[in-house]
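Below, each chain spelled out in residue letters.
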Amino acid sequence: MKIRLNFSALRLTTKREYAIRFIVGGTVTALAGVVSKKFGPGIGGMFLAFPAIFPASATLIEKHEKERKQREGLKGGRSGRTAAGYDASGAAMGSAGLFVFAVLVWRLLPAYTAWAVLIGATFVWLAVSLAIWRILAKNGKNSAS
Amino acid sequence: MLEETIYRVLIGGAFVSAFAVLSDLLKPKSFAGLFSAAPSVALASLGLALVAEGKSYAAIEARSMTAGAIAFVVYASCIRWVMLRYKLPALQVALMAVPLWLAAALGLWFAFLK
């Protein structure tokens with residue numbers, strides 16, 4: 001399965017939708033900080049893996065896919081739900097990478113330069129997520145959409 | 001406190017938006033979905049924690065983040081299952097499953113990390 005860049009997809013997202021994602025992301029980051037301050041970093045740290053943007057992204061994907069099908073004269077409801085389902089599938093794989101990211105930061109941060117650990121762990125997140133996606137794609141567990 | 005909250009909103013919003021735009025650009029959707037679980041909130045929060053509280057504090061946050069990440073796998077897998085089987089809107093399913101994420105994260109934290 002080929003990975004493609006689709007720049008026209010950016011035009012489908014409205015300014016309001018960009019603003020919603022910015023506000024949701026910012027609010028969750030602020031809330032994680034408030035929880036850490038009030039209950040300690042042990043509890044607050046869990047919210048660093050809160051599905052902050054997923055509800056908004058899945059909704060947008062469902063809406064855009066539905067609109068695309070409707071322009072072709074179809075209803076598009078099922079196709080929108082399927083696209084959102086595959087987005088969730090990708091998010092599950094990305095979360096497995098997120099687990100590896102957290103383990104690396106937890107274990108390496110006390111001993112190494114902070115920025116190098118964060119950047120390195122982000123690359124490992126991408127590599128692990130991509131590897132899981134490729135393995136499942138080869139076995140036919142993912143679908144293009 | 002207010003100043004720090006404003007920084008968090010701005011930096012967190014910027015990181016989340018950047019990964020969301022990447023997700024918009026990419027196809028197929030199962031691949032783009034990887035970026036819905038990008039470490040955007042984590043990078044913003046850990047960066048700020050490092051500046052304000054130091055390495056030990058940020059490392060404790062990362063340790064607890066492992067529970068949140070496993071809970072995210074459960075959350076996203078559950079949503080996938082529901083979306084491909086039932087005629088429910090994505091927003092409704094994603095929001096209704098948030099308590100599942102919370103329960104899984106807290107359960108794992110109490111069981112293994114407390």
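Residue positions are given per chain, counted from 1 along the sequence in the order it is written. For naming, the first written chain is A and the first written ligand is 1, with later ones following in the order written. Given that the model is predicted, a residue must reach a pLDDT of at least 70 before its local features are reported, and side-chain atom pairs must reach 80 or more before they are shown or counted; all residues, however, enter totals for whole chains, interfaces and linings.

Looking at helix α6 (residues 114-138) of chain A
With 25 residues, α6(A) ought to run about 36 Å at 1.5 Å a step, and its terminal C-alpha atoms sit 36 Å apart, in line with that. Within α6(A), the full set of buried residues consists of A:A114, A:V117, A:L118, A:A121, A:W125, A:V128, A:S129, A:I132 and A:W133. Throughout, a pair of residues is in contact if the C-beta atoms placed from their backbones lie within 7 Å. Helix and strand labels come from DSSP, where a helix needs a run of H or I of at least four residues and a strand needs a run of E of at least two; each type is numbered from the N terminus. Residues of α6(A) that are buried in the fold lie against α5 (77-108) of chain A together with α2 (29-32), α3 (40-52) and α4 (55-85) of chain B. A:G140 occupies a position one or two residues after α6(A) and carries a positive phi of about 75°. One less than the number of residues in a helix, times 1.5 Å, gives the span that helix is expected to have. Exposure classes come from backbone-placed C-beta atoms, where a residue is buried if 20 or more other C-beta atoms lie within 10 Å of its own, exposed if 12 or fewer do, and partly exposed in between.

As for the interface of chain B and chain A
Each partner contributes residues to the interface: chain B has 72 residues there, and chain A has 77 residues. Sorting the residues of the side of chain B that touches chain A by element identifies α1 (2-25), β1 (26-27), α2, α3, α4, α5 (90-96) and α6 (98-113) of chain B as the ones contributing at least two each. With 25 residues, the single largest contributor to the side of chain B that touches chain A is α4(B). Asp, Glu, Lys and Arg are counted as charged, while Ala, Val, Leu, Ile, Met, Phe, Trp, Tyr, Cys and Pro are counted as nonpolar; the rest, among them Gly, fall into the polar class. Here the residues of the side of chain B that touches chain A are counted per class, giving 46 nonpolar, 16 polar and 10 charged. For two strands to count as paired, DSSP must find a minimum of two bridges between them. In this sheet, β1(B) lies alongside strand β1 (residues 4-5) of chain A in antiparallel orientation, the contact comprising 2 bridges. Bridge pairing in β1(B) places A:L5 opposite B:L26.

Brief notes about the packing of α4(B) against α6(B)
Residue and element names in this part refer to chain B. Relative to each other, α4 and α6 sit at 140°, their axes nearing to 8 Å. In terms of their interaxial angle, α4 and α6 are classed as oblique. Handedness of the α4/α6 crossing: right-handed. Along the contact surface, α4 presents R63, S64, A67, G68, I70, A71, F72, V74, Y75 and C78, while α6 presents L100, W101, A104, A105, L108, W109 and L113. Its residues assigned to classes, the contact of α4 with α6 comprises 14 nonpolar, 2 polar and 1 charged. To obtain each axis, a line is fitted to C-alpha atoms, and for helices this fit is confined to the stretch in contact; angles are then taken between N-to-C directions over 0 to 180 degrees. Oblique is the label for every angle not falling under 35 degrees (roughly parallel), over 145 degrees (roughly antiparallel), or within 65 to 115 degrees (roughly perpendicular). For any helix crossing, the convention is left-handed if the near helix is rotated counterclockwise from the far helix by under a right angle, and right-handed if that rotation is clockwise.

Focus: the packing of α6(A) against α3(B)
For the pair α6(A) and α3(B), the least separation of the axes is 11 Å and the interaxial angle reads 170°. By the angle between their axes, α6(A) is roughly antiparallel relative to α3(B). On the side of α6(A), the interface is formed by A:A114, A:L118 and A:T122, while α3(B) contributes B:L43, B:L46, B:G47 and B:L50. In terms of residue class, the contact of α6(A) with α3(B) is built from 5 nonpolar, 2 polar and no charged.

None of this, on its own, says anything about what the molecule does.
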